[in-house]
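# Reading the structure
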Amino acid sequence: MHNIRFVAHLDILGMSSIVERDADAAWELLSDLVAVRDKTNGLELEFLDTKERIAVSDAISSVTFSDTILLFTKGNSDTDLRCLIVLVTEIFQLALYKCVPIRAGISLGTFYFNLEKSMYAGPALVDAYKVGESAQWLGITLSSTVQKIASELNMTSGISKVVVPWQLPLKEETKICHVINWPAVIAHNFKILPPLSFAQFYQLFEHRFGLAQQLPSEVLAKYRNTVEFINTMLSRHGRA
């Protein structure tokens, strides 16, 4: 059980297209993502219900390569998962603030690493990558390996649940998945009253990826799916 841990895989949506179009812009985008990672490195978390106070660096390791951030816990306790969920959500919201579109997957399973030799492997990494990459949106998706444990943590933001089921569009199908309710977590940061329009949301990214009408239909769908999730979650949060 020593190598069973929680793993999160986060990457930039549309990075390959921007690299092909403008290498300088791609480097700027990656630099913004690294700045987000650095800002979270010194976080200290306090969980009021368990009266635990934990430095993120004591619970989670992080690695950045290309357009990807890999996070993994040192153990597989409930506290480890709580810390990872909070950290991934914080990186996600800071990335949005920097106009960096990302999506993430979180899994539980076997994961080996050697920081000195930059070696990382295991089914949990593959699972986290596949879960995040298959989701057709900007968001944080939980693998089936972790959704029950995450739900039973009963994490809340106000009265809204942090882990919620959602009918999520995937590459091959649409199915109910457990996801992180990040709109409720950062509801106080929204400057525009919901419901948000697609145009209002996409304007965050237009200077990086170009006009919406120039995007492929499958890319447009990812942003539209995100807007639907935001509006639904904020509506429920407002009624809570």
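None of the values given here were measured: they were computed from a predicted structure. (Residues numbered from 1 in each chain as written. Predicted model: local features only at pLDDT ≥ 70, side-chain atom pairs only at ≥ 80, totals over all residues. Heavy atoms only, no water.)

On to the side chain of D67. Position of D67 among the secondary structure elements: in the loop between strand 4 (60-65) and strand 5 (68-73). Setting aside its immediate chain neighbours within four residues, D67 contacts L10, D11, I12, M15, L30 and L33. (Helix = DSSP H or I, 4+ residues; strand = E, 2+ residues; numbered from the N terminus. Contact = heavy atoms within 4.5 Å.)

Any empty space left between the atoms is revealed when a probe the size of a water molecule rolls over them. Roughly 520 Å³ of volume is contained in the largest pocket. Ranked by residues supplied to the lining of the largest pocket, first place goes to helix 4 (residues 78-97) with six residues. When grouped by side-chain class, the residues that make up the lining of the largest pocket number 12 nonpolar, seven polar and five charged. Taken as a whole, the second largest pocket spans an internal volume of roughly 440 Å³. Around the second largest pocket, the lining is made up of 15 residues, and of these Y97, N189, F190, K191 and L204 lie nearest the centre. (1 Å grid on protein atoms, 1.4 Å probe; cavity = no way out; pocket = protein on both sides within 12 Å on 5 of 7 lines; lining within 4 Å. Points joined across faces, edges and corners; volume = space filled by probe spheres on them. Nonpolar A, V, L, I, M, F, W, Y, C, P; charged D, E, K, R; others polar.)

Let us look at the environment of R224. Assignment of secondary structure puts R224 in helix 10 (residues 217-239). Assessed through its relative accessible area of 46%, R224 is described here as partly exposed. Separated by 12 residues in the primary sequence, R224 and A212 have C-alpha atoms spaced 11 Å apart. (Buried < 20%, exposed > 50% of the residue type's maximum accessible area, 1.4 Å probe, protein only.)

In this section: helix 2 (residues 23-40). Given a rise of 1.5 Å per residue, 18 residues ought to cover 26 Å, and the 26 Å separating the end C-alpha atoms of helix 2 matches this to within 8%. Of the positions making up helix 2, those classed as buried are A25, A26, L29, L30, D32, L33, V36, R37 and T40. For helix 2, the arc enclosing every buried residue in end-on projection is 150°, short of the 170-degree limit, so these residues lie on one face. Seen from the open side of helix 2, the exposed residues pointing more than 90 degrees away from its buried face are A23, D24, W27 and K39. One side-chain oxygen at the N-terminal end of helix 2 lies 3.1 Å from the backbone nitrogen of D24; it belongs to D22. (Expected span 1.5 Å × (residues − 1). Arc of directions from axis to C-beta. Polar contact = N/O pair within 3.5 Å; in protein donor to acceptor, adjacent residues only side chain to side chain.)

This next bit is on the pattern of salt bridges. Where charged atoms from two side chains of opposite charge approach closely, those side chains can pair. Considering all chains together, one arrives at five salt bridges under this definition. In this structure, the salt-bridge partner of D38 is R37, at a minimum N-O distance of 2.6 Å. For R37, a relative accessible area of 19% gives the class buried. Between E44 and R53 there is a salt bridge; the shortest N-O distance is 2.5 Å. Under the relative-accessibility criterion, E44 is labelled partly exposed at 45%. (Salt bridge = Lys/Arg side-chain N within 4 Å of Asp/Glu carboxyl O.)

With that out of the way, let us pick up the environment of D127. One can find D127 in helix 5 (residues 123-134). Between the alpha carbons of D127 and L142 there is a distance of 9.8 Å; along the sequence they are 15 residues apart. Filtering out sequence-adjacent residues up to four positions away, D127 remains in contact with S107, S143 and T145.

Quick look at the side chain of T40 now. In this fold, T40 is placed in helix 2. A relative accessible area of 3% means that T40 is categorised as buried. For T40, the residues in contact, after removing those within four places along its chain, are V56, L87, E90, I91 and L94.

Quick look at the pairing of strand 4 now. Pairing between strand 4 and strand 5: six bridges, direction antiparallel. Bridged to I60 within strand 5 is T73. (Pairing = 2+ DSSP bridges.)

Let us look at the packing of aromatic side chains. Within this structure, the stated rule accounts for 12 aromatic pairs. Ring geometry for Y202 versus Y223: centroids 5.1 Å apart, planes at 85°, classification edge-to-face. Taken as a pair, Y202 in helix 8 (residues 198-202) and Y223 in helix 10 lie far apart in primary sequence, 21 residues in all. A single burial state applies to Y202 and to Y223, both of which are buried. Here the aromatic cluster, defined as three or more aromatic residues joined through ring pairs, consists of F198, F201, Y202, F205 and Y223. Above the ring of F198, the side-chain terminus of R224 is found at 4.2 Å from the ring centroid. (Phe/Tyr/Trp six-rings, centres within 6.5 Å; stacked < 30°, edge-to-face > 60°. Lys NZ or Arg CZ within 6 Å of the ring centre and 35° of its normal.)

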